[in-house]
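Residue strings, one per chain:
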Amino acid sequence: MKAVRINEYGGREVMKIEDIALPAPASDEVLVEVYASGVNPVDWVIRSGANEGLHSFLTLPMTLGWDAAGVVVEAGSEVTYLKPGDQVYGVPNFPGDGSYAEYCVGKATQFAIKPRSLDFTQAAGVPLAALTAWTGIFAHGDLQPGQRILIQGASGGVGSFAVQFAKSKGAYVIGMASADNVNYVKQLGADEVIDYKTQQFESVLRDIDVVLEASPTRNNRERVKAVAVLKEDGTFVSVNTDFPFNDELMEAGKAKKVKVALAANQPRQEWLKEIAELIDAGKVKVLINKVFPLEEVADAHRASETWHVKGRLVLNIKK
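Here the structure is a predicted model, which means the values were calculated and not measured. (Residues numbered from 1 in each chain as written. Predicted model: local features only at pLDDT ≥ 70, side-chain atom pairs only at ≥ 80, totals over all residues. Heavy atoms only, no water.)

*Asks:* Honestly, the sheet that holds strand β1 (residues 2-6) in this entry has me stumped. Any pointers?
*Replies:* Sheets are built from strands paired through backbone hydrogen bonds, the pairs being either parallel or antiparallel. If you walk across this open sheet you meet the three strands as β2-β1-β4, and the pairing is antiparallel. For this open sheet the edge positions go to β2 (15-19) and β4 (62-63), each flanked by a neighbour on one side alone. (Pairing = 2+ DSSP bridges. Helix = DSSP H or I, 4+ residues; strand = E, 2+ residues; numbered from the N terminus.)

What follows is the structure, encoded as structure tokens:
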């Protein structure tokens, strides 16, 4: 089968389309024929090798991609929920069994029936970003109806899902975005939108229940400002797990009596099912920015690396 592989870390040129053996699913896994794969910042972060903390988890050569939509062609002996022929979406095994390929394998618990209202291309743009948002605001933030949440980076891949998820659960949503994206974030359902370039959020907000850091900013001073707008017993959650909290932030959280957490993605089948239900009910929209053929994977990474993509980027694997 064809797959986009890297044999070394580096720029976009290290990605090569190679013919490799078809993977075989273990007893608790499924083999999925991939129709489309989402493109996420983690893909090019891993490709570049810039995050040395990830190196111990990675083995070269490897196939990139952690967003898959396709059809189950084989299910392991222990798998009961999914069967061959099912149209699914989810996250393949990390790392190594990437979705930039004609086939991928993954734990069956990391896949679910895709939203019926979406085609494969749209569905491929959902899993990783949506699960990261869900993990942050519900698993760590424990967001409840009526609470107030500030979502930093509200127009991005994770942030745009977070806005819609929070609103669907009855929260009061405040988004942060650039002036160009203010209307977009309002259309997603935000009750308020702060232009981070012209407004200082720490001056206009207070008594927030949950802050979700979903922006690409890596700055602990900005995190301290976010902690300051929380109410006592509130929660600050960051999806930027590659950027640890420093002592200043931890002390600020302790002084304010708030929880601070790094939200690593949790690919749970039950969450994928609930996300699919929200999408099919029309409560969550999926915006696709651009679809690239597999041969243009370098262009897809180039677009993602700008950090200014409204909507999702997707690789088309099979028509």
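There's plenty left to go through after this.
*Asks:* Sorry if this is basic, but what is going on with the pattern of salt bridges here?
*Replies:* Pairing between side chains of opposite charge can happen when their charged atoms approach one another. One pass over the full model with this rule turns up 15 salt bridges. Here D242 ties to R218 by a salt bridge, and the two come within 3.0 Å at their closest N and O atoms. Of this pair, D242 sits in the loop between β13 (230-238) and α8 (247-256) while R218 sits in the loop between β12 (208-213) and α7 (220-228), placing them 24 residues apart in sequence. Through salt bridges that share partners, R12, R47 and E305 make up one connected network. (Salt bridge = Lys/Arg side-chain N within 4 Å of Asp/Glu carboxyl O.)

*Asks:* Sorry if this is basic, but what is going on with helix α9 (residues 269-280) here?
*Replies:* Residue pairs three or four apart in sequence face the same way in an α-helix, which turns once every 3.6 residues. Helix length check: α9 (twelve residues) gives 16 Å between terminal C-alpha atoms against 16 Å at 1.5 Å per residue, within 8%. Those residues of α9 that fall on the buried side of the exposure criterion are Q269, W271, L272, I275, A276, L278 and I279. Looking at the buried side of α9, the elements it contacts are β6 (87-90), β8 (111-113), α3 (127-140) and α4 (157-168). Positive phi shows up at G282, right after α9, with a value of about 80 degrees. (Expected span 1.5 Å × (residues − 1). Buried < 20%, exposed > 50% of the residue type's maximum accessible area, 1.4 Å probe, protein only. Contact = heavy atoms within 4.5 Å.)

*Asks:* I keep staring at the side chain of S99 and nothing clicks. Help me out?
*Replies:* Within the secondary structure layout, S99 lies in the loop between β6 and β7 (103-107). Separated by 2.8 Å, the side chains of S99 and S37 make a polar contact. Looking at S99, its side chain comes within polar contact range of the main-chain oxygen of D67, at 3.0 Å. The contact partners of S99, leaving out residues within four places of it in the chain, are V34, S37, L64, G65, W66, D67, A68, P92, C104 and I317. (Polar contact = N/O pair within 3.5 Å; in protein donor to acceptor, adjacent residues only side chain to side chain.)

*Asks:* Just checking my understanding: could you explain the pairing of β6 for this structure?
*Replies:* In this sheet, β6 lies alongside strand β5 (residues 68-75) in antiparallel orientation, the contact comprising four bridges. Bridged to A69 within β6 is Y89. Bridge count between β6 and β8: three bridges; the pairing is antiparallel. Paired with G90 across the strands is F111, a residue of β8.

*Asks:* Looking at this model, I keep getting lost on the nonpolar core. Mind explaining?
*Replies:* What tends to happen in soluble globular proteins is that the nonpolar side chains get buried as a cluster. Y89, V126, I149, F161, F165, I275 and L315 are the most contacted members of the largest nonpolar core, which has 84 residues in total. Looking at which element gives the most residues to this core, the answer is α3, with eight residues. Those residues in contact with I149 that sit more than four places away from it in its chain are I137, L143, A166, A171, Y172, V173, I174, I208 and V210. Counting residues in each nonpolar core, the second largest holds 19 residues, with L150, I208, V211 and F236 among its members. (Core = buried A, V, L, I, M, F, W, Y, C linked by side-chain atoms within 4.5 Å.)

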